[in-house]
Amino acid sequence: MADLVSHPDEVKVVSKRFGKSATNIDRYLELDGYKAVQKALGMQPDAIVNLVKDSGLRGRGGAGFNTGMKWSFVPKQSPKPKYILCNGDESEPGTCKDRLIFEHDPHSVIEGVVIAGIATGSHAGYIYIRGEYRYLLEIMQKAIKDAYARGFLGKNIFGSGYDFEVYWHGGAGAYEVGEESALMESLEGKRGIPRIRPPFPAVVGLWGGPTVINNAETLASVPHILLGGAEWFAKLGPPKNGGTRLFCLSGHLNRPGVYELPMGYNLKKMIYEVGGGISGGRKLKAVVPGGSSCPVLTADEIDVSMDFDSMMKAGTMLGSGGVVVVDETTCMVNFALRIMKFYQHESCGWCIPCREGTDWLKKTLTRFHHGGGVKKDIDNIQYLSENMLGRTFCPLGDAAAMPTISIVKKFRKEFEDHLEGKPCPFEKAGVTEPAAVLA
Amino acid sequence: MKFSDQFEARFSDMLTHYPTKRSVLVPTLLYAQDEVGYLSPDVIHEIAQRLDLTELEVSNVISYYSMLTTKPRGKFNVQVCTNIACMLRGGEELLDHCKTKLGIGHKGTTPDGTFSLEEVECIGACSWAPAAQVNYDFHENLTVEKMDKVLDEYRKN
Amino acid sequence: MADVNITVDGKKVTAPAGTLLIEACKSAGIEVPSFCYYPNLSLQGACRMCLVKVEKMPKLQTACTTVIGEGMIVSTDTPEIHQARKGMVELLLGNHPLDCPVCDAGGECELQDMTFSYGAAESKYIDAKNHKEEQQWSPVVFFDRPRCILCYRCVRVCGEGMDVWALGVQNRGVSSIIAPNQDDHLDCEECGMCIDICPVGALTSGAYRYKTRPWEMKHVGTTCTHCADGCKTTLGVRRSDTGMEIVRGDNRDKSGINGDFLCIKGRYAFDFAHHEDRLTQPLIRKDGRLTPATWEEAFELIGKRFREICDQVGGHAIGVFGSNRTTNEENYLLQKFARVVLETNNIDHHRTADFPALAAALTGKPEITASMRDVFNAPAILLIGNDPTEQHPLLAWQIRNNVRLHRARLYVINSQPIKLRRQAASFIQIPEGSEGKLAAFLAGEDAAIDAITTEEVSRAAWITLRDKLRGEPNLVVVFGAEIRGADIASVAKLTASIQGAKVVCLGDYANSRGAADMGLYPDLLPGYHRVADTGKFHEEWATVPRAPGLTLPEMVEGAKAGSLKALYVVGANPVEQFTIDPFSFSNSFVVVQDMFLTETAVIADVVLPAANAYEKSGTFTNTCGDLQLVKKAGEVTGTKSDFEMIVRIAGAMGFDVRRLVPFGRGVGTDMGQSRGAQSGEADRHAVWLEANGLEPKMSSFDPMAILDEIQRLVPGYDVSRMNILAGNDQHTTLSSSGPGALHDSKLIMPAQDNLFSSGTLGRYSRTLNSVIENRHKQPAETEVAAD
Ligand SMILES: Cc1cc2nc3c(=O)[nH]c(=O)nc-3n(C[C@H](O)[C@H](O)[C@H](O)COP(=O)(O)O)c2cc1C
Ligand code: SF4
Ligand code: FES
């Protein structure tokens, strides 16, 4: 349904089957489908884990943890069943890539789940898809059904003697549920409140059993690694950042879309060549490099390599691959406000700093943007954000604090321009009314 | 409380997927809502009983998830995303337009019960912004004109 | 468990492996602040107040969820930590109303204290606070939503601690709110634990709110006067026009056998003390009417009539009926009065459990009774009969939390599907009335199996269960009044046959066990010593008649037949409890000591206004045999303690009270003195003196003088006086100094009280009544499932 784009610089791995009717299981088989699982069935579990480790595959959900390493934390022996949980809650603003995978290549996710299962000695996997993606849940339901019908899932898969069940699960609207421990709570039928860690999910997860949680794109990459080899995959990107990534280009671009580019691709090039540059020939003001939780980069900071380590060095994060491009006509105060409004709405409410902090930041930014700002608000916004940073129960609080801190720091002037009842300089004439202090 | 056969079939199937009954709660609530229109006290009572939960537990869960509602809404729920990617490409104007056109505000329902309107957070259509969902259908790369057409299409149904 | 060494703020700390960092710090005297952490409740990590620096960890860590590890180096007070905590308080204060001057928690609020500690007084916010209306959830529970800081203590104590699950969290983010299970009101056990545990003034009590400021109260730790579990309750009292008014009950210092637990009765049902129907003047029947009189008139009349009957017919023409709610000292004094002053054994009380049979069955092994603390720590518990959730709320709490926190195995056998089955490893329903057979079978009598074998429970299942129970060392066997008389021997036999096992017999009122131990029986002296046998009491008192006296039903018959000339009722309402025809006593001289004009008091010739257990001092023995101090908290002018009244009647009869109360150590007494000495407000010095038996008992109204005698003469009561006076519980053993007695089981009548009733007393508690009425208004409750 969503339009596909392409660019010569793309290296199609995960998106290899996009637009090729691979939802059809026969078609999928023609396109090398389910070969990787069969290969995995013939391997030692440890060999699979090591292969994935060596491939340099890092989590595509945001944190970028080495996937093979994560799998290796699962205890070999466990009195409770082990589980694989595919995180398809995709809700990070700016991110719309898992959607394409589910839409065009659902079997690759199933395959990834089964391989993760074989590698960790698990016999059941769940594919959690956010509630808004109802059509994708239906595509996935059909894919699972087809795979069962062929004997690729269930008892004795591919006649190997190995049993593996895969189930679908739908969410009902909550960003926080994408956080791995809240995801498990949600799957267990509870409010999406994160869990205390340690114990980590790999040791105590779903229903108390060891659980591997991976993003859908991460899992969809796995079959390709099995077939193409660790070395091939690792070499696609810079050291320790194997493979390619689905980058979701959005915002003020001429050619927004989801492009699969090698890890480490230059951001500037991504914006100006792949994305076709800023629409209307306007000037670039800021870039959100990896979903709304990442600190923003200014136009001067975009000559960076899009991999986990380089982005960290640049003071931001690669995150979930959502590249949101902001041009000169945008009010950064309003932008910060919109981001905060999101986190305020999505905070689970469990811990004090996140629950209260996001609400006060939203209130302050709202008043500020509407012309009710006073000078001490600017420092206060920073102070409040810093009070949240690193002190919340789960990383959502950090996700709200980081972009805010970066915007206040990097665009302080725009805040100052809003002071003393001045209307927002970016607002079209007559739009702004100094708002009442909002409750 | 009577649900469709399809609901019942899916419900009993789902129960076999998990080691605990409660695990089916979230998807079940959404499917029940799809049938009944909203999560009425009867629905809550029924689902609580089926899953050996208290009604309090069920309503605590409902109130956590933004897609679940305990209030009736229109036949078509128009959900306009205004999160950053959409906002940059006119999501807020789109929302304002819908408000004027439908004559209702955020979470309002038209008097004839045809439309409800909701400002929503990122729906995963950032690269095709601005976007909206009507019930479960995605509408992308929207303009005010396109939105009008979309709404008119639904009104006909 | 092995010990782990850590360093906190440069101090070496050692604690068992598995200890939480916050507890380890506490044990070393380092206080780490917290809102959401609460010992024995599940961990939350939500308030982020306990953030500390753990070396090698990049971020601050929550001390409440961190388990200590060998060599851990921790700082709890760095500028970074201070700022983090200050930040949390500032954030909380953002939406928190600053209405401390009118908030019930003002002065006792953890948020206030924290604000004080971290200097977060400057407000950074100029935007409006989110406001939400206050709600009343039940007659006793109010919820002020904006004050709530979402520490989830209430939700957890209600669910995990009480197994009620009446509270939840609704919505998410900043809209999150604690919600009751019935839309806008609660359907629950009304224990008030949520109120007590709330660190701020979000949850307040209907009984206490807006009555006073915390610092205007004096706090008196005493024993609850309602059920037989004997919770320690701290009463907040304040001066009022009519004496001292009790305004609050709680147990925040967790010093008693109940930790921080109290049920609705312990927490709120002290209000009977200030009921408008309370008697504050003696009443004498004149021309058929009860008419106010002076104390002198009343005592004179009673003394004269009792003397006449004793002299003309003999003491056996007088019957005495004692109480389950008066102190041990009063009960002991009363039976001594009957036996020594009236020279009769005609003394009885409302029996709710067969303690004499248990005492007899435990001959030779009296130490195998379990204390209330044992019930919380036993590795396994067998519960036969009773419904502790309703009748023994503390016992139920101990059992539940033992199962939850220590994974104790609970076996429940009952004719009803009682709520505690939810905690049970094994629950078996048996036919009503077969509890005795069950006991016999468990004790090894195989033939009894027929009576308990049903379609659901096969013979094999019973045998498996019995084997399992026999393999449960240190089992605590708890049984209700379903098991009486000879069947109790079976329970005792079962208990004695298991290594380390102990037993609890469940009676119903605050001092039922004390009444039994103190010998309120026509055939038994204190310590279950038969009146017919010679022994210490006969030696000391000389005049005790050896023939058993009359039981209550026999007294009623005697009155009807004209042989019982007088009846002396102390703190009981037999006319109501035994459904006695009030005209039975038309020709007898009836004296009643009570707080209210009860069904029994209305037929009396003299009614004496009595002080209740919150208004006097002494001791209570709970159903397990734990002896605890009763301290004077409230006071209602115009009443006297039963102790004083008994002594005065003896005096008015011309009896040398020194023979009744061994007071004075040679010092004379002032018979005009009515308070002071009995107030129980001993200073430290006095405590020490008393503990060592050195304190002068200057008054014949000093219950401690009788406690001396009890400790000296009643077997099992020779416990540390120092500990009793310090407010600690001391477990007494249940021994009989002879073969004991087997009583007619029909004489035992369980109280049939539930969570919201408390015999005659409960009828005078507005709080209990309002809760009962409120429940009638609501649709039938449905039981909730345990998680
Ligand atoms: C607030 C929050 C939201 C998140 N949302 C998502 C999400 O929607 N999808 C996702 O895959 N990971 C999400 N994550 C990351 C997950 O917690 C987790 O790290 C990830 O699923 C692990 O998979 P990976 O190692 O394959 O990336 C989120 C994390 C946080 C803190
Ligand atoms: S009501 Fe009190 S105990 Fe409960 S969450 Fe709120 S502040 Fe905490
Ligand atoms: S939602 Fe995770 S810390 Fe608040």
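These numbers were taken from a predicted model, which means no experiment stands behind them.

K.L.:
Help me out: how do you make sense of unusual backbone geometry in this one?
P.N.:
Here A:Pro198 and A:Pro199 are connected by a cis peptide whose omega angle stands at 0°. Of note, A:Pro199 is situated in the loop between helix H8 (180-187) and strand S4 (211-215). Phi is positive for C:Arg407, close to 55°, though the residue is something other than glycine. By the element assignment, C:Arg407 lies in the loop between helix H12 (393-406) and strand S19 (409-414). At C:Tyr528, a position not held by glycine, the phi torsion is positive, near 60°. Inspection of the secondary structure puts C:Tyr528 in the loop between strand S23 (524-525) and strand S24 (529-530).

K.L.:
Before we go on, may I ask you to explain the side chain of C:Arg267 in this structure?
P.N.:
Residues and elements named next belong to chain C. Looking at the element boundaries, arginine 267 is found in helix H6 (residues 264-268). Residue classification places arginine 267 among the buried residues on the basis of a relative accessible area of 4%. Among the polar contacts listed, one links the side chain of arginine 267 to the side chain of aspartate 196, at a separation of 2.7 Å. With residues near it in sequence (within four places) discarded, arginine 267 still touches Cys191, Gly192, Met193, Asp196, Gly249, Asp250, Asp260 and Leu262.

K.L.:
For this particular structure, what's the right way to read the domain arrangement of chain C?
P.N.:
Interface size is commonly expressed as the accessible surface area that is lost when the partners come together. Residues and elements named next belong to chain C. Taken as a whole, chain C is organised into domain 1 (3-77), domain 2 (105-274 + 752-787), domain 3 (283-352 + 512-618 + 638-657) and domain 4 (355-505). Across the contact, seven residues belong to domain 3 and four residues belong to domain 4. In this assembly, domain 3 packs against domain 4 so that about 430 Å² is buried in total across both faces, 81% of it on carbon and sulfur atoms. Per-residue buried area on domain 3 facing domain 4 is highest for Thr352, Arg513 and Tyr528; these three make up 70% of the total on that side.

K.L.:
Just to check I follow, could you spell out the packing of aromatic side chains for this structure?
P.N.:
A ring pair, where both rings are aromatic, is described by two values, the distance of the centres and the angle of the planes. Here the structure, examined in full by the defined rule, presents 37 aromatic pairs over all chains. Ring plane angle 55° and centroid distance 4.9 Å describe the contact between B:Phe76 and B:Tyr154, whose orientation is recorded as tilted. Taken together, the positions of B:Phe76 in strand S1 (residues 76-81) and B:Tyr154 in helix H7 (residues 144-156) put the pair 78 residues apart, joining distant regions of the chain. A single burial state applies to B:Phe76 and to B:Tyr154, both of which are buried. Considering the side-chain rings of C:Tyr332 and C:Trp541, the 5.9 Å spacing of their centres and the 80° angle between planes classify their relative orientation as edge-to-face. One end of the pair, C:Tyr332, is in helix H8 (residues 328-341); the other, C:Trp541, is in helix H18 (residues 536-541), with 209 residues separating them in the sequence. A single burial state applies to C:Tyr332 and to C:Trp541, both of which are buried. An aromatic cluster is present here, built from A:Tyr83, A:Tyr126, A:Tyr167, A:Trp207 and B:Tyr18 joined pairwise through their rings. The aromatic ring of B:Phe138 is capped on one face by A:Arg99, whose charged end is 4.0 Å from the ring centroid. Across from the ring centre of C:Trp295, 4.9 Å away, lies the NZ or CZ of C:Lys640, which sits over that ring.

The rules we used
Residues numbered from 1 in each chain as written. Chains lettered and ligands numbered in written order. Predicted model: local features only at pLDDT ≥ 70, side-chain atom pairs only at ≥ 80, totals over all residues. Heavy atoms only, no water. Helix = DSSP H or I, 4+ residues; strand = E, 2+ residues; numbered from the N terminus. Buried < 20%, exposed > 50% of the residue type's maximum accessible area, 1.4 Å probe, protein only. Polar contact = N/O pair within 3.5 Å; in protein donor to acceptor, adjacent residues only side chain to side chain. Contact = heavy atoms within 4.5 Å. Domains from an automatic or database assignment. Buried area = accessible area lost by both parts, 1.4 Å probe. Phe/Tyr/Trp six-rings, centres within 6.5 Å; stacked < 30°, edge-to-face > 60°. Lys NZ or Arg CZ within 6 Å of the ring centre and 35° of its normal.

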